[in-house]
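As a plain string of letters, each chain reads:
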Amino acid sequence: MDEQLLQGLPAQVNADCRVLVLGSMPGAVSLQQARYYAHPRNRFWPLMGALCGFDPALEYTQRLHCLLQSGVGVWDVIGQCRRSGSLDAAIERGSEVPNALPALIQGLPGLRAIACNGGAAAAAFRRWVSPALPPLAAALPVLALPSTSPANAAWTLPRLHAAWAPLQPWLETGAQAAPTARGR
C-alpha cells in the first residue's frame, strides 16, 4: 500500500453553470499542474472548444474562462483517494472520499444537465451522489459520456464529439430555454 492519499482540484463553477462536467479524479499530470485535463493527449479541451466555440490552444486560464462563460463547470466526483498512476482502475477501493456535489448541485439554480466524463465518473456519481440528491436535483439529466482520457484511445475526437453532442442545447446562446426535468 504505497499509494499516497491524493487531493483533487477545486470546483471550477460559476453561478451561471448550466452543464456540470464531472470526472472521476484528476490524473497525475493534472494534479501536478493543478489544471483540469492537463495531459496533452486528453481530448477534453479540443472537444469542449468545438462544442463551445473557443480555441482549445488558448492558455489554460483563458480556456477555463471560455468554458465558464459557455455555462460549463468542471469538478470531480472523488475529492480524495489513494491511487498509483493515473488510471481509474488503480484507485484503491474504499479510499475514495466524494466531493460535496449534492450541496454544489443544489446551489446552482440554472443547472440543466450533469455530464459524467467516463464510466468511472458515472459509476462514482451513482454510488455517492445520486442517493444524496433531493428530488428536484435528482430529476436532472445525467449523461454518462465516453471518457476524453488518452486511455480511451479507441474513441477518436470526431466520435467523442458525436457522443457529447447531446450537451449542445445547453451550451448555445439562449440555453435557458433548453429542455429540463426541473422546469425552472
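Attention in this report is confined to the structure presented alongside it. Everything numeric in this text was worked out from a predicted model, so none of it was measured.

### Points about unusual backbone geometry
Link 1 in the chain: Although it is not a glycine, Ala34 sits at a positive phi angle of roughly 55°.
Link 2 in the chain: The phi dihedral of Tyr37 is positive, around 55°, even though this residue is not glycine.
Link 3 in the chain: With respect to the helices, strands and loops of the structure, Tyr37 is situated in the loop between helix 1 (28-33) and helix 2 (44-52).

### A look at helix 2
Link 1 in the chain: Burial analysis of helix 2 places seven of its nine residues in the buried class, the great majority of the element.
Link 2 in the chain: When helix 2 is considered as a whole, its buried residues turn out to be Phe44, Trp45, Leu47, Met48, Gly49, Leu51 and Cys52.
Link 3 in the chain: Looking at the buried side of helix 2, the elements it contacts are strand 2 (19-23), helix 3 (60-69), strand 3 (72-76), strand 6 (113-117), helix 7 (157-164) and helix 8 (168-171).
Link 4 in the chain: Downstream of helix 2 by a residue or two, Gly53 has a phi angle that is positive, lying close to 80°.

### Concerning the packing of aromatic side chains
Link 1 in the chain: This model, assessed by the stated rule, comprises five aromatic pairs.
Link 2 in the chain: Residues Phe44 and Trp45 carry aromatic rings whose centres are separated by 5.1 Å and whose planes lie at 80° to one another, so their mutual orientation is edge-to-face.
Link 3 in the chain: Overall, the relative accessible area of 3% leaves Trp45 in the buried class.
Link 4 in the chain: For the ring pair Trp45 and Phe54, a centre distance of 6.3 Å and an interplane angle of 65° mean the geometry is edge-to-face.
Link 5 in the chain: Judged by relative accessible area, which is 9%, Phe54 ranks as buried.

### Side note on the side chain of Arg83
Link 1 in the chain: Assignment of secondary structure puts Arg83 in the loop between strand 4 (78-82) and strand 5 (97-98).
Link 2 in the chain: Using a relative accessible area of 3% as the deciding quantity, one classes Arg83 as buried.
Link 3 in the chain: In this structure the side chain of Arg83 is engaged in a polar contact, spanning 2.6 Å, whose partner is the backbone oxygen of Pro26.

Cut-offs and rules
- In this convention, every chain numbers its residues from 1, walking through the sequence in written order.
- Where local features are concerned, this predicted model is filtered to residues with pLDDT of at least 70; where side-chain atom pairs are given and counted, the filter is 80 or more; whole-chain, interface and lining totals use all residues.
- Side-chain numbers come from the whole structure's heavy atoms, not from hydrogens or water.
- Helical segments are the DSSP runs of H or I of at least four residues, strand segments are the runs of E of at least two, and each set is numbered from the N terminus.
- When a residue's accessible area, from a 1.4 Å probe over protein chains only, is under 20% of the maximum for its type it is buried; when over 50% it is exposed; and in between it is partly exposed.
- Pairs of residues are marked as contacts when any of their non-hydrogen atoms sit within 4.5 Å.
- Stacked, edge-to-face and tilted labels apply to pairs of Phe, Tyr and Trp rings (six-membered ring for Trp) whose centres lie within 6.5 Å, assigned for plane angles under 30 degrees, over 60, and everything in between, in that order.
- Definition of a polar contact: a pair of N or O atoms within 3.5 Å, with one able to donate and the other able to accept a hydrogen when the atoms are protein atoms, and with sequence-neighbouring residues admitted only if both atoms are side-chain atoms.

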